[in-house]
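# Results of the structural survey
The chain contents come next:
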Amino acid sequence: MKHLPHPSFAKWFQRTFVRAWIVIALLFLAALIPSHLVSKGFGIAMAFCFASALIGTLVYLFYQLFHVKCPQCNQPMETTRGASAYSALCLRCDTTWDLGIGVGGSD
Ligand SMILES: [Zn+2]
């Protein structure tokens, strides 16, 4: 059994996470624009977009976390939650890939 750091997952995850939060923050700010400055229903629409983006991002990132492919053989792997970080096991390569995603916080 080998234990290696995953070459790209943490970078991809963090980049996606940051970009998604920028979009979510902008939607949140848009929802706060006073209603007399914009058309009727704008705030509600933005609030709806904000909630959808927030839930969608969390679902998407969580899905990706549990559907990581092996960087060597491209097979789907089983993600497990370790004591301090998530890791994914490839049975074919007999390798545990450290995903670099901390449990309950950054690093
Ligand atoms: Zn593999």
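Summarised in this report is the structure supplied together with it. Since this is a predicted model, take the numbers as computed values, not measurements. All residue numbers refer to positions counted from 1 along the written sequence of the respective chain. At least 70 in pLDDT is required for a residue's local features to be given in this predicted model, at least 80 for side-chain atom pairs to be given and counted, and no such filter applies to totals for whole chains, interfaces and linings, which use all residues.

The next point concerns the sheet that holds strand S3 (residues 85-90). Within the open sheet, the four strands sit side by side as S1-S4-S3-S2. Their pairing is mixed. Among the strands making up the open sheet, the edge pair consists of strand S1 (2-5) and strand S2 (78-81). Averaged over all neighbouring strand pairs, the angle between strand axes comes to 30°, with direction disregarded. Relative to strand S4 (residues 95-102), S3 runs antiparallel, the two being bridged by five bridges. Paired with Ser87 across the strands is Asp98, a residue of S4. Here a strand pair is declared whenever DSSP counts at least two bridges between the two strands. Numbering goes from the N terminus for both helices and strands, where a helix is a DSSP run of H or I of at least four residues and a strand is a run of E of at least two. In this analysis an axis means a line fitted to C-alpha atoms, helices contributing only their contacting stretch, and an angle means the value between N-to-C directions, from 0 to 180 degrees.

Next up on the list: the packing of helix H1 (residues 9-31) against helix H2 (residues 42-65). Where H1 meets H2, the axes come as close as 8 Å, and the angle between the chain directions of the two elements is 165°. One element, H1, and the other, H2, form an angle in the roughly antiparallel class. The crossing of H1 and H2 is left-handed. Two secondary-structure elements touch here, H1 through Phe13, Thr16, Phe17, Ala20, Val23, Ile24, Leu27, Phe28, Ala30 and Ala31 and H2 through Gly43, Met46, Ala47, Cys49, Phe50, Ala53, Leu54, Thr57 and Leu61. Throughout this entry, Asp, Glu, Lys and Arg are counted as charged residues, while Ala, Val, Leu, Ile, Met, Phe, Trp, Tyr, Cys and Pro are counted as nonpolar. The remaining residues, Gly among them, count as polar. Classifying every residue of the contact of H1 with H2 gives 16 nonpolar, three polar and no charged. Orientation categories follow fixed angle ranges, with anything under 35 degrees roughly parallel, anything over 145 roughly antiparallel, 65 to 115 roughly perpendicular, and all other angles oblique. Each crossing gets its hand from how the near helix is turned against the far one by less than a right angle, where anticlockwise is left-handed and clockwise is right-handed. Placing C-beta atoms from the backbone, we regard two residues as in contact once those atoms come within 7 Å.

Attention now moves to the nonpolar core. Connectivity within a nonpolar core runs through C-beta atoms within 7 Å, and the core itself is a set of buried Ala, Val, Leu, Ile, Met, Phe, Trp, Tyr and Cys residues. Using C-beta atoms placed from the backbone, we call a residue buried if 20 or more other C-beta atoms fall within 10 Å of its own, exposed if 12 or fewer do, and partly exposed for counts in between. Phe9, Val68, Met77, Tyr86, Ala88, Cys90, Trp97, Leu99 and Ile101 form the largest nonpolar core, which has nine residues in total. At the level of elements, S3 and S4 are the ones that each hand at least two residues to this core. When sequence neighbours within four positions are dropped, the list of residues in contact with Val68 reads Phe9, Met77, Thr79, Ala88 and Leu99.

Quick look at the environment of Thr79 now. By the element assignment, Thr79 lies in strand S2. With 67 residues separating them along the chain, Thr79 and Trp12 place their C-alpha atoms 16 Å apart. Beyond its immediate chain neighbours, meaning those up to four positions away, Thr79 contacts Leu65, Phe66, Val68, Tyr86 and Ala88.

With that settled, consider the environment of Trp97. In this fold, Trp97 is placed in strand S4. In the structure, Trp97 is positioned 33 residues away from Gln64 in sequence and 15 Å away in space, judged by C-alpha atoms.

Along any regular strand the residues' side chains alternate between the sheet's two faces. Across four bridges, S1 lies against S4 in parallel orientation. The residue bridging Leu4 from the neighbouring strand is Trp97, located in S4.

The subject of this paragraph is unusual backbone geometry. Of note in the backbone geometry, Asn74 takes a positive phi value of approximately 65° without being a glycine. Residue position: Asn74 is located in the loop between H2 and S2. One non-glycine residue with positive phi stands out, namely Asp94, at about 55°. Along the chain, the position of Asp94 falls in the loop between S3 and S4.

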